[in-house]
Amino acid sequence: MGLAEEEQKHSALAGALAEKHLTPDARASEDAAERRLFVLQIVQPGLAGLMDGSVSTLAPLFAAAFATRSSGDAFRVGLAASVGAGISMGFAEALSDDGSLTGRGKPWLRGAVCGLMTTAGGIGHTLPFLIPGFHTATVVASGVVAIELLAISYIRRRYMDTPFLAAAFQVIVGGLLVFLAGILIGSS
């Protein structure tokens, strides 16, 4: 008998035992614990990264855009800020704790999730600066920023049980302040 067949038998036996012996309360408790682990190990580091990448890269990107009026220069600055922030946040998350005290899981998995989401958060509003026209690129990038902030608000509502309007207000106020700082600094 092959290893795969033996594993299928074990899975079937485990499923049968769970159906026979797990009470609805025990199943609900296990489901809640599984959701909590998913939130702690994947959602929270990913959300922290997405928020950091989406917000922290706004000022350098829009400062470069308004200082140079060059889509290409803004793109290079945004790309560097996004990748740099992703590396920084990935290491910060991975080295913040080993998971043994907090139950937050494998540090390198959390670090990878956080780093990738940080980079993704910055890349989203950087990509429009591949459009050669500065004004068009800026308008499209601004629209992407709005979509990113709403997506973060939705994720906070969905997984962190934050009311949508409260999440939107918190994220949008912070994002708007950083966005305006970049424009003001770049325009000076």
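Whatever comes next refers back to the structure up there.
Described below are features of the structure shown in this document. Here the structure is a predicted model, which means the values were calculated and not measured. (Residues numbered from 1 in each chain as written. Predicted model: local features only at pLDDT ≥ 70, side-chain atom pairs only at ≥ 80, totals over all residues. Heavy atoms only, no water.)

1. Quick notes on the environment of V113
Next, step 1: Mapped onto the elements, V113 comes out in helix α5 (residues 107–126).
Next, step 2: A relative accessible area of 17% places V113 in the buried class.
Next, step 3: Setting aside residues up to four positions removed in sequence, V113 forms contacts with I42, P45 and G46. (Helix = DSSP H or I, 4+ residues; strand = E, 2+ residues; numbered from the N terminus. Buried < 20%, exposed > 50% of the residue type's maximum accessible area, 1.4 Å probe, protein only. Contact = heavy atoms within 4.5 Å.)

2. So, the side chain of S54
Next, step 1: Its place among the elements puts S54 in helix α2 (residues 24–56).
Next, step 2: Residue S54 is classed as buried on the basis of its relative accessible area, which comes to 0%.
Next, step 3: Aside from chain neighbours lying at most four places away, what touches S54 is G121, G122, H125, E148 and I152.

3. What to know about the packing of aromatic side chains
Next, step 1: Scanning the entire structure with this criterion turns up 5 aromatic pairs.
Next, step 2: Seen from their ring centres, F62 and F129 are 5.9 Å apart, and the 75° between their planes marks the pair as edge-to-face. With F62 in helix α3 (residues 58–68) and F129 in the loop between α5 and α6 (134–160), the pair connects residues that are 67 residues apart, well separated along the chain. Comparing F62 with F129, the two get one shared label, buried. (Phe/Tyr/Trp six-rings, centres within 6.5 Å; stacked < 30°, edge-to-face > 60°.)

4. What about a nonpolar patch on the surface?
Next, step 1: Residues L150, Y154, F164, L165, I172, L176, L180 and L184 make up a contiguous nonpolar surface patch of about 770 Å² in total accessible area.
Next, step 2: Breaking the nonpolar patch down by element, the ones donating at least two residues are α6 and α7 (164–187). (Patch = residues over 30% accessible without salt bridge, like charges linked within 9 Å, V, L, I, M, F, W, Y side chains within 5 Å. Areas by Shrake-Rupley, 256 points an atom, 1.4 Å probe, with all protein chains shown as cover. Salt bridge = Lys/Arg side-chain N within 4 Å of Asp/Glu carboxyl O.)

5. Things to note about α2
Next, step 1: Between the first and last C-alpha of α2 there are 45 Å, a value that for 33 residues agrees with the 48 Å anticipated at 1.5 Å per step.
Next, step 2: Along its length, α2 shows its largest kink, about 40°, at V39.
Next, step 3: Turning to α2, its buried residues are V39, L40, V43, P45, G46, L47, G49, L50, G53, S54 and V55.
Next, step 4: Elements that come into contact with the buried residues of α2 comprise α3, α4 (71–96), α5, α6 and α7. (Expected span 1.5 Å × (residues − 1). Bend = angle between axes of the 7 residues up to and from the residue.)

6. Points about the packing of α3 against α7
Next, step 1: Between α3 and α7, the shortest axis-to-axis distance is 7 Å and the interhelical angle comes to 30°. The orientation of α3 with respect to α7, classified from their angle, is roughly parallel. As α3 packs across α7, the resulting crossing turns out to be right-handed. Where α3 abuts α7, its residues L58, A59, F62, A63, F66 and A67 lie against G175, V178, F179, G182, I183, I185, G186 and S187.
Next, step 2: Broken down by class, the residue content of the contact of α3 with α7 amounts to 10 nonpolar, 4 polar and no charged. (Axes fitted to C-alpha atoms, helices over the stretch in contact; angles between N-to-C directions. Parallel < 35°, antiparallel > 145°, perpendicular 65-115°, else oblique. Left-handed = near helix turned anticlockwise from the far one by under 90°. Nonpolar A, V, L, I, M, F, W, Y, C, P; charged D, E, K, R; others polar.)

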